Amino acid sequence: MAAEPILTVHGAAQTVTGSCFEIEHGDRRLLVDCGLFQGSRSLETLNYRPFAFDPGRIHAVILTHAHIDHSGLLPRLAAEGFRGPIWCTPPTRDLLAVMLPDSARIQEQEAERRNRRTDRADEPAVTPLYTSDDADAAIGLVRTVGLEQSFAPAEGFEARFWNAGHILGSASAELKVGDVRMLFSGDLGPEHKSFHLDPQGPHGLDHLICESTYGDRDREETTADERRAHLGDEVERALAAGGNLVVPVFALERTQELLLDLARLIDQGRIRAVQVFIDSPLASRVTEIFRGYGHRLEDLGDGEVFDHPAFHFVESVETSMRLNSVSGAIILAASGMCEAGRIRHHLRHNLARQDSTILFVGFQAQGTLGRAILDGARRVRISGRDIAVRAAIRRIDSYSAHADRGELADWAKARRPLWGSLFLVHGERAALESLRADLADLFPSVRIPEIGETYALPAGAPARRLATGRAELREAIGRDWQNDYADFAANLKNELRRIEDDERRREALATMREVLQGFRDHKAKRQARR
Ligand SMILES: [Zn+2]
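Predicted, not measured: the structure shown is a model, and the values here were computed from it.

What counts and how
- Residues numbered from 1 in each chain as written.
- Predicted model: local features only at pLDDT ≥ 70, side-chain atom pairs only at ≥ 80, totals over all residues.
- Heavy atoms only, no water.
- Core = buried A, V, L, I, M, F, W, Y, C linked by side-chain atoms within 4.5 Å.
- Buried < 20%, exposed > 50% of the residue type's maximum accessible area, 1.4 Å probe, protein only.
- Helix = DSSP H or I, 4+ residues; strand = E, 2+ residues; numbered from the N terminus.
- Contact = heavy atoms within 4.5 Å.
- Patch = residues over 30% accessible without salt bridge, like charges linked within 9 Å, V, L, I, M, F, W, Y side chains within 5 Å.
- Areas by Shrake-Rupley, 256 points an atom, 1.4 Å probe, with all protein chains shown as cover.
- Salt bridge = Lys/Arg side-chain N within 4 Å of Asp/Glu carboxyl O.
- Lys, Arg positive; Asp, Glu negative; His and termini not counted.
- Charge placed at Lys NZ, Arg CZ, Asp CG, Glu CD.
- Expected span 1.5 Å × (residues − 1).
- Polar contact = N/O pair within 3.5 Å; in protein donor to acceptor, adjacent residues only side chain to side chain.
- Pairing = 2+ DSSP bridges.
- Axes fitted to C-alpha atoms, helices over the stretch in contact; angles between N-to-C directions.
- Donors = N, O, S within 2.8 Å, 3.2 Å for Na, K, Ca; no water.
- Tetrahedral: all angles 85-135°; square planar, octahedral: opposite > 155°, others 65-115°.
- Phe/Tyr/Trp six-rings, centres within 6.5 Å; stacked < 30°, edge-to-face > 60°.
- Lys NZ or Arg CZ within 6 Å of the ring centre and 35° of its normal.
- Disulfide = S-S within 2.5 Å.

### As for the nonpolar core
A general tendency of soluble globular proteins is for nonpolar side chains to be buried together.
So, step 1. One finds Leu77, Ile86, Leu231, Val276, Phe290 and Leu332 to be the most contacted residues of the largest nonpolar core, which totals 71 residues.
So, step 2. Counting residues per element, this core draws most heavily on helix 7 (residues 254-267), at seven residues.
So, step 3. Discounting residues that sit within four places of it in the chain, leucine 77 has contacts with Leu31, Cys34, Phe51, Phe53, Pro55, Val61 and Phe82.
So, step 4. Ranked by size, the runner-up nonpolar core spans 34 residues in total, among them Leu43, Ala159, Val180 and Tyr455.

So this is what it looks like as structure tokens:
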């Protein structure tokens, strides 16, 4: 049996989605997470490339939490031959049972939509990434274990979950492989999070694999009361304008946090009586699961808060459509980054309304519609329609489910002594570099791996890189040019209109043509030189 475990990074390296780490020891292989890449189009194409390993030869999966960017490729893993156990906490299992079928439904709808497109009539039919049956097969493999209990996921591996304080059921995963101890942070929650205690974990490790989502963001310390008051101010401001307050939400956890706060604000008379529509069948399902775990969650009692008379859980598409004619309501809809789901249709009806407000309360990844709106786009395209943005665009930062820069650093420091390497993963470039700068003096070996890299993880010494990453994947991970183009094209006419007169407008167009010509000439010259 090989003395040292081998780590291969298959996702969430220099990007925040697609979490998947393979650990090989002797003839056993195990995955920590198997998540979907989410965000830009080119990033999502990574979900379709063949697995870099044989799923049939993976002995077990350890799943840190139910978010799709950590769990969303499990159905494909099962469809391609994985038969081992998927280990997670009991709440994660319950959440998976609604999250994975929902993800499968989105995949099936997406394939159907593409097959309907007439311009593809001559091309072979698109098959979904996976189906509901695959999701069910994956759910059938789940085995649960509570926090801080040792279990043996595969021969030669010993594991233990620690509260990660990120979402319901979330955990960090400690692994002992031979005589090497390592810890995968999973996603880490902030202090003062609703529902959960602060993250915990063991100390004295050989290697630490730590998320970095907000590695460059310092949030002001905010208590639950302050956060609630801030929400109250935003609600009052939005409703005073007369239109709707539309909030793109993640169905899992952010919805329930907002509902808890809205119920308290209404009950305490701190905001006017208002109707709150939860327009996401998935969010409704997840809320049911929270109700079930109410007694184990902070601030939730027996979950009766979700029965508040102001709350309306919208199921049917017809009822959802009827919301087009409402004014002065709060509408919570998924998806949280506005890439899919019913939120798009509420944005279509509210973005152009000067009296409406769009309030962002969650992370918006590069390349998503949510990020474009938040970054100040004046026009956006939704389902083939060009929409002017006139609504007020607001944001509350303090609802993060992620630890910020200081909290991440504190959590990592509390895991010391660390004898080997600290790997920074699950972050965009700036976040990773900023966290590295903060921690470099405290941890002698800090690594920022690329997708495809492989490391030997010795006991008591830094990791050694055995194979480099794949250059072609680097491209896909950044913001892709198609998003830049879409933003540019959507705003072009508007920009031209703002130029003083027709003469200058023509000049601007001529200059743009010259610039493009310049790029063509450059290419021609380079080819001539060869
Ligand atoms: Zn997460």
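Once the structure has been displayed, the description carries forward.
### Describing a negative patch on the surface
So, step 1. A cluster of like negative charges, contributed by Glu191, Asp198, Glu220, Glu221, Asp225 and Glu226, occupies part of the molecular surface.
So, step 2. Looking at the secondary structure, you find glutamate 220 in the loop between strand 10 (207-211) and helix 6 (224-240).

### What to know about helix 8 (residues 281-292)
So, step 1. Spanning twelve residues, helix 8 covers 17 Å between terminal C-alpha atoms, matching the ideal 16 Å at 1.5 Å per step.
So, step 2. Burial in helix 8 covers these residues: Leu282, Ala283, Ser284, Val286, Thr287, Ile289 and Phe290.
So, step 3. The secondary structure elements touched by the buried residues of helix 8 are helix 4 (90-116), helix 7, strand 12 (276-279) and strand 13 (311-313).

### Some points on the side chain of aspartate 404
So, step 1. In this structure, aspartate 404 sits in the loop between strand 18 (392-395) and helix 12 (405-413).
So, step 2. Only 3.3 Å separates the side chain of aspartate 404 from the backbone nitrogen of glycine 406, close enough to count as a polar contact.
So, step 3. Those residues within four positions of aspartate 404 in sequence are excluded, and the remaining contacts are Tyr214, Arg217, Asp218 and Arg219.

### Looking at the sheet that holds strand 11 (residues 245-248)
So, step 1. In spatial order, the strands read 13-12-14-11-15-18; together these six strands make up an open sheet with parallel pairing. With partners counted over all chains shown, the strands left at the sheet margins are strand 13 and strand 18, one partner each. Across the sheet, the mean angle separating the axes of adjacent strands is 20° when strand polarity is ignored.
So, step 2. In this sheet, strand 18 lies alongside strand 15 (residues 357-360) in parallel orientation, the contact comprising four bridges. The residue bridging phenylalanine 360 from the neighbouring strand is arginine 395, located in strand 18.
So, step 3. Contacting strand 11, strand 12, strand 14 (330-333) and strand 15, helix 10 (residues 343-350) runs over the sheet at an angle of about 145° to strand 11.

### Brief notes about the coordination of the zinc ion
So, step 1. The protein atoms donating to the zinc ion are His65 (NE2), His67 (ND1), His166 (NE2) and Asp187 (OD), with metal-donor distances spanning 2.2 to 2.3 Å.
So, step 2. Taken together, the four donor atoms coordinating the zinc ion and their angles of 92 to 163° define a geometry best described as irregular.
So, step 3. In the primary structure, the donors to the zinc ion are separated according to the pattern H-x1-H-x98-H-x20-D. Remark: histidine 166 occurs in the loop between strand 7 (157-163) and strand 8 (171-177) and histidine 65 occurs in the loop between strand 4 (60-62) and helix 2 (68-71); sequence separation between them is 101 residues.

### Let's talk about the packing of aromatic side chains
So, step 1. Under the counting rule described, the total for this entry stands at seven aromatic pairs.
So, step 2. Of the aromatic side chains, those joined through ring pairs into one cluster are Trp87, Phe151 and Phe161.
So, step 3. The lysine or arginine in question, arginine 76, covers the ring of phenylalanine 51, its NZ or CZ lying 4.4 Å from the ring centre.
So, step 4. Sitting over the ring of phenylalanine 443, arginine 416 keeps its end group 5.9 Å from the ring centre.

### Focus: the state of the cysteines
So, step 1. Within this structure, the stated rule accounts for zero disulfides.
So, step 2. A disulfide-free cysteine, cysteine 210 has its sulfur positioned 18 Å from the sulfur of cysteine 20, the nearest such atom.

### A word on the sheet that holds strand 7
So, step 1. Reading across the sheet, the six strands line up as 7-8-9-10-19-20 and stay open at both edges, with mixed pairing between neighbours. Edge strands, defined here as strands with exactly one partner in the open sheet, are strand 7 and strand 20 (446-447).
So, step 2. Running over the sheet, helix 12 touches strand 8, strand 9 (180-184) and strand 10 and is turned about 165° from strand 10.

### Let's talk about the side chain of glutamate 211
So, step 1. Among the structural elements, glutamate 211 can be located in strand 10.
So, step 2. This buried residue, glutamate 211, is left without a salt bridge; arginine 219 holds the nearest opposite charge, at 8.7 Å.
So, step 3. For glutamate 211, the side chain forms a polar contact with the main-chain nitrogen of leucine 188, separated by 2.8 Å.

### What about unusual backbone geometry?
So, step 1. The step from alanine 334 to serine 335 runs through a cis peptide bond, and the omega angle for that step is 5°.
So, step 2. Relative to the elements of secondary structure, serine 335 occurs in the loop between strand 14 and helix 10.
So, step 3. A cis amide bond links arginine 416 with the next residue in sequence, proline 417, at an omega value of 0°.
So, step 4. Following the sequence through the fold, proline 417 ends up in the loop between helix 12 and strand 19 (422-425).
So, step 5. One non-glycine residue, cysteine 338, lies in positive phi territory at about 65°.
So, step 6. For cysteine 338, the location among the structural elements is in the loop between strand 14 and helix 10.
So, step 7. In this structure cysteine 338 comes out as buried when scored by relative accessible area, which is 0%.
So, step 8. Despite not being glycine, histidine 426 shows a phi value in the positive range, around 55°.

### Things to note about the pairing of strand 14
So, step 1. Residues Ile330 and Leu332 point to one face of strand 14 and Ile331 and Ala333 to the other, with burial holding for every one of them.
So, step 2. Both strand 11 and strand 14 contribute to a ladder of four bridges, which runs parallel. From the neighbouring strand, valine 247 faces strand 14, where its bridge partner is leucine 332.
So, step 3. Pairing between strand 12 and strand 14: four bridges, direction parallel. Counterpart to phenylalanine 277 in the pairing with strand 14 is isoleucine 331.

### A short note on the pattern of salt bridges
So, step 1. Throughout the structure, instances matching the rule amount to 39 salt bridges.
So, step 2. Residues aspartate 397 and arginine 395 are paired through a salt bridge, measuring 3.0 Å at the closest nitrogen-oxygen approach.
So, step 3. Of the residues examined, aspartate 397 reaches a relative accessible area of 35% and is grouped as partly exposed.
So, step 4. For arginine 395, a relative accessible area of 40% corresponds to the partly exposed category.
So, step 5. In this structure, lysine 413 and aspartate 410 form a salt bridge, with 3.8 Å as the shortest nitrogen-oxygen distance. Note that lysine 413 and aspartate 410 are positioned in helix 12 at a spacing of three residues, about one turn of the helix.
So, step 6. What you see here is one network of salt bridges that share partners, running through Lys193, Glu253, Arg254 and Glu257.

Scope: geometric values only; no functional claims are made or implied.
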